[in-house]
Amino acid sequence: MTDPASSPFDDIRRLITTMPGPDEAAIEAVRLRDRQLTKPAGSLGRLEWLAEWLAAWQGKPNPTVDRPLVCVFAGSHGVTAKGVSAYPSEVNRQMLENFAAGGAAINQICAAYGLGFKVFDLALDMPTGDITETEAMDEKACVATMAFGMEAIAGGADLLAVGEMGIGNTTVAAAIYTALFGGPAAHWVGRGTGLDDEGLARKVAAVEAAVAFHGEHLKDPLEVLRRLGGREVAAIAGAILAARLQRIPVVLDGYVATAAAAVLHAIHPSTIDHCVAGHLSAEGAHQDVLARLGKIPLLALGMRLGEGSGAALAMGIVKAAAAIHRYMATFGQAGVSERLS
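Residues numbered from 1 in each chain as written. Predicted model: local features only at pLDDT ≥ 70, side-chain atom pairs only at ≥ 80, totals over all residues. Heavy atoms only, no water.

Student: Would you explain the overall build of the protein in this entry?
Tutor: Looking only at helices and strands, one finds 15 helices and five strands in the protein. Expected size for 341 residues packed as a compact globule is a radius of gyration near 20 Å; at 21 Å, the protein falls within 12% of this value. C-alpha atoms of the protein, sized along the principal axes, occupy 70 × 50 × 40 Å. Taken across its 341 residues, the protein has 54% of its residues classed as buried. When contacts within the protein are restricted to residue pairs at least 6 apart in sequence, long-range pairs at least 24 apart make up 80% of them. For the protein, the exposed surface amounts to about 14,100 Å²; the carbon and sulfur share of it is 55%. Taking the 28 positively charged and 36 negatively charged side chains of the protein as two groups, their mean positions are separated by 6 Å. (Helix = DSSP H or I, 4+ residues; strand = E, 2+ residues; numbered from the N terminus. Rg over C-alpha atoms; globule rule 2.2 N^0.38 Å. Buried < 20%, exposed > 50% of the residue type's maximum accessible area, 1.4 Å probe, protein only. Contact = heavy atoms within 4.5 Å. Areas by Shrake-Rupley, 256 points an atom, 1.4 Å probe, with all protein chains shown as cover. Lys, Arg positive; Asp, Glu negative; His and termini not counted. Charge placed at Lys NZ, Arg CZ, Asp CG, Glu CD.)

Laid out in structure tokens, this is it:
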């Protein structure tokens, strides 16, 4: 019998308690092979760590990246009515058509690196509530959207990148960070799609109004997600959880995608141990966010496009790390003399 006092969020919290940890035996196997490869110990820097990370979360002593997948979630936001973006909301639908036609930056990156690509329309024609005046989603809708994100990654990927698209979503991300980390809203707000000074002031005011409106409800990270977030942020949070349960390592994209990870981290820091930061975004205070989450980005290219672009580029590095570990010759195979003691 269902507990009448339980809530949909309780299912998410219970799910988090069942998540698997890293495979220590796989990590040790990677370290053992690494010591035999034709290179000085540690000479490949973080590429060596990436091989260990892949092994830990795939649960495989010889990790592979044969089925990488980029998932982009698209949502609309009621807060755009407050003039927080330089672009109109109809760009959401237009960009989805551009993705489908193969004309976006993410399409070219995925083609260049041999990555699978999926994009999901999260009720684009029905914006979430204006967070300055009401909740973005009710609890059932938030959990249902997280569940959608969990289902979206089905199909057997061995490495997942999560990204987003949605006019106004850097505003909701800044609101999430303000609620989770505190401090002035202006610290967390950036120029998004290229706001001028007046637009930036409206964006800061919107985040301040949203955090003030929801007030004491923001002590619970999942309440932060449903009240201030968007459907794409909730879906990304669900995808991150499902990836953990399915032993799929995750590459996070930029400022907005990291907001989903920040919510999960606030529930319990270990929840995002299977995630790496693909890149450092030029948007807002992304560097501050990553420092708080304990993530060092793989790339720093000054990007702020979204649509999974930074994470997809970083996937190329992860693929290289796996290939080096798997196929590089050992000293014995290559007939190369090992280091003197």
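Student: How do you make sense of helix 7 (residues 169–181) when you look at a structure like this?
Tutor: Along an α-helix, residues three or four positions apart point the same way, because every turn accommodates 3.6 residues. Compared with the 18 Å implied by 1.5 Å per residue over 13 residues, the 18 Å span of helix 7 between its first and last C-alpha is a close match. Those residues of helix 7 lying buried are Asn-169, Thr-170, Thr-171, Val-172, Ala-173, Ala-174, Ala-175, Ile-176, Tyr-177 and Thr-178. Phi turns positive, to about 80°, at Gly-182, one or two residues after helix 7. (Expected span 1.5 Å × (residues − 1).)

Student: Please clarify how the packing of helix 2 (residues 24–34) against helix 3 (residues 46–58) should be interpreted in this entry.
Tutor: If you want to describe how two helices pack, look at the angle between their axes and the distance between the axes. Between helix 2 and helix 3, whose axes approach to 8 Å, the crossing angle comes to 150°. The two elements helix 2 and helix 3 meet at a crossing, and its hand is right-handed. Where helix 2 approaches helix 3, its residues Ala-26, Ile-27, Val-30, Arg-31 and Asp-34 are matched on the opposing element by Glu-48, Ala-51, Glu-52, Ala-55 and Ala-56. Its residues assigned to classes, the contact of helix 2 with helix 3 comprises six nonpolar, no polar and four charged. (Axes fitted to C-alpha atoms, helices over the stretch in contact; angles between N-to-C directions. Left-handed = near helix turned anticlockwise from the far one by under 90°. Nonpolar A, V, L, I, M, F, W, Y, C, P; charged D, E, K, R; others polar.)

Student: Can you walk me through the nonpolar core in this structure?
Tutor: In summary, soluble globular proteins display a tendency toward joint burial of nonpolar side chains. Ranked by size, the top nonpolar core spans 69 residues in total, and within it Phe-73, Leu-160 and Ile-240 carry the most contacts. No other element matches helix 11 (residues 231–245), which puts 10 residues into this core. Apart from residues lying up to four places away in sequence, Leu-160 is in contact with Leu-69, Cys-71, Ile-153, Ala-239, Ala-243, Ile-248, Pro-249, Val-250, Val-251 and Met-315. Among the nonpolar cores identified, the runner-up in size contains 37 residues, and Val-91, Cys-110, Met-165 and Ala-311 belong to it. (Core = buried A, V, L, I, M, F, W, Y, C linked by side-chain atoms within 4.5 Å.)

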